Amino acid sequence: RAYVIPRAIERGVDPKMALYIIKYESRYDPLAVGDRHLTCKRTGKPIRSRGLYQINDCAWPEIDDKTAFSVESSTDWALEQMKINPNIWSVWKNRK
């Protein structure tokens, strides 16, 4: 949170949105891995969603593990994505 909030403000992203996405994607665990039960249609391999923002290696193959698991690098990437389309995170798109 100490890194995310000031970076979000600096980038013009609502910090509450960023923290909401982190909370429901990874429960604030930068080493979280999820979605392994799913298969990538493009590769036929199991999917891995990684880090605070659960960056999916099927949808975002250009994002390596070092970036996905780094609080700083993943936050910088995610904040740019949030400015473009925060609905890429289903937890944000489907929030009530």
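Just so it is clear, the model here is predicted, and its values are computed rather than measured. (Residues numbered from 1 in each chain as written. Predicted model: local features only at pLDDT ≥ 70, side-chain atom pairs only at ≥ 80, totals over all residues. Heavy atoms only, no water.)

A.B. asks: Can you tell me about helix 2 (residues 15-26), naming the residues and giving the values?
C.D. replies: Side chains three or four residues apart in an α-helix point the same way, a direct result of the helix having 3.6 residues per turn. Along its 12 residues, helix 2 runs 16 Å from first to last C-alpha, staying within 8% of the 16 Å computed at 1.5 Å per residue. Among the residues of helix 2, those classed as buried are Pro-15, Met-17, Ala-18, Leu-19, Ile-21, Ile-22 and Ser-26. Tucked inside the fold, the buried residues of helix 2 contact helix 1 (4-11), helix 4 (71-84) and helix 5 (90-93). Capping the start of helix 2 is the job of one residue whose side-chain oxygen sits 2.9 Å from the backbone nitrogen of Lys-16: Asp-14. (Helix = DSSP H or I, 4+ residues; strand = E, 2+ residues; numbered from the N terminus. Expected span 1.5 Å × (residues − 1). Buried < 20%, exposed > 50% of the residue type's maximum accessible area, 1.4 Å probe, protein only. Contact = heavy atoms within 4.5 Å. Polar contact = N/O pair within 3.5 Å; in protein donor to acceptor, adjacent residues only side chain to side chain.)

A.B. asks: Any chance you could break down the packing of helix 1 against helix 2 for me, citing the residues and the numbers?
C.D. replies: One can describe the packing of helix 1 onto helix 2 by two numbers: an axis separation of 8 Å at closest approach and a directional angle of 135°. In terms of orientation, helix 1 and helix 2 fall into the oblique class. The element helix 1 and its partner helix 2 pack so that their crossing is right-handed. On the side of helix 1, the interface is formed by Val-4, Ile-5, Ala-8 and Ile-9, while helix 2 contributes Pro-15, Ala-18, Leu-19 and Ile-22. Considered class by class, the residues forming the contact of helix 1 with helix 2 number 8 nonpolar, no polar and no charged. (Axes fitted to C-alpha atoms, helices over the stretch in contact; angles between N-to-C directions. Parallel < 35°, antiparallel > 145°, perpendicular 65-115°, else oblique. Left-handed = near helix turned anticlockwise from the far one by under 90°. Nonpolar A, V, L, I, M, F, W, Y, C, P; charged D, E, K, R; others polar.)

A.B. asks: Quick one: what's the story with the packing of helix 1 against helix 4, residue by residue and with numbers?
C.D. replies: In contact at an axis separation of 10 Å, helix 1 and helix 4 are set at 40° when each is read in the N-to-C sense. Taken together, the axes of helix 1 and helix 4 lie oblique to each other. The crossing of helix 1 and helix 4 is right-handed. Only Thr-75, Asp-76, Leu-79, Glu-80 and Lys-83 of helix 4 make contact with helix 1, whose side of the interface consists of Val-4, Arg-7, Ala-8 and Arg-11. When grouped by side-chain class, the residues that make up the contact of helix 1 with helix 4 number 3 nonpolar, 1 polar and 5 charged.

A.B. asks: Please provide a residue-by-residue account of helix 1, values included.
C.D. replies: By the burial criterion, the buried members of helix 1 are Val-4, Arg-7, Ala-8 and Arg-11. One side of helix 1 carries all its buried residues, which in axial view fall inside an arc of 100°. Across from the buried face of helix 1, at angles greater than 90 degrees, the exposed residues are Ile-9 and Glu-10. Buried positions along helix 1 lie against helix 2 and helix 4. (Arc of directions from axis to C-beta.)

A.B. asks: Could you give an account of the nonpolar core, with specific residues and numbers?
C.D. replies: Ile-21, Tyr-53, Met-82 and Trp-89 are the most contacted members of the largest nonpolar core, which has 19 residues in total. Counting residues per element, the ones that place at least two in this core are helix 1, helix 2 and helix 4. Every residue in contact with Tyr-53, bar those within four places of it in the chain, is listed here: Val-4, Ala-18, Ile-21, Ile-22, Glu-25, Ser-74, Thr-75, Ala-78, Met-82 and Trp-89. (Core = buried A, V, L, I, M, F, W, Y, C linked by side-chain atoms within 4.5 Å.)

A.B. asks: Give me the lowdown on the pattern of salt bridges, citing residues and values where you can.
C.D. replies: Considering all chains together, one arrives at 7 salt bridges under this definition. For Glu-10, the salt bridge goes to Arg-7, with nearest N and O atoms at 2.9 Å. With Glu-10 and Arg-7 both in helix 1, this residue pair falls 3 residues apart, about one helical turn. Looking at Glu-10, the relative accessible area reads 56%, which means it is exposed. Residue Arg-48 pairs with Asp-65 through a salt bridge whose shortest N-O separation is 3.1 Å. With Arg-48 in the loop between strand 1 (33-34) and strand 2 (49-50) and Asp-65 in helix 3 (residues 65-69), this residue pair connects regions lying 17 residues apart in the sequence. For Arg-48, a relative accessible area of 27% corresponds to the partly exposed category. (Salt bridge = Lys/Arg side-chain N within 4 Å of Asp/Glu carboxyl O.)

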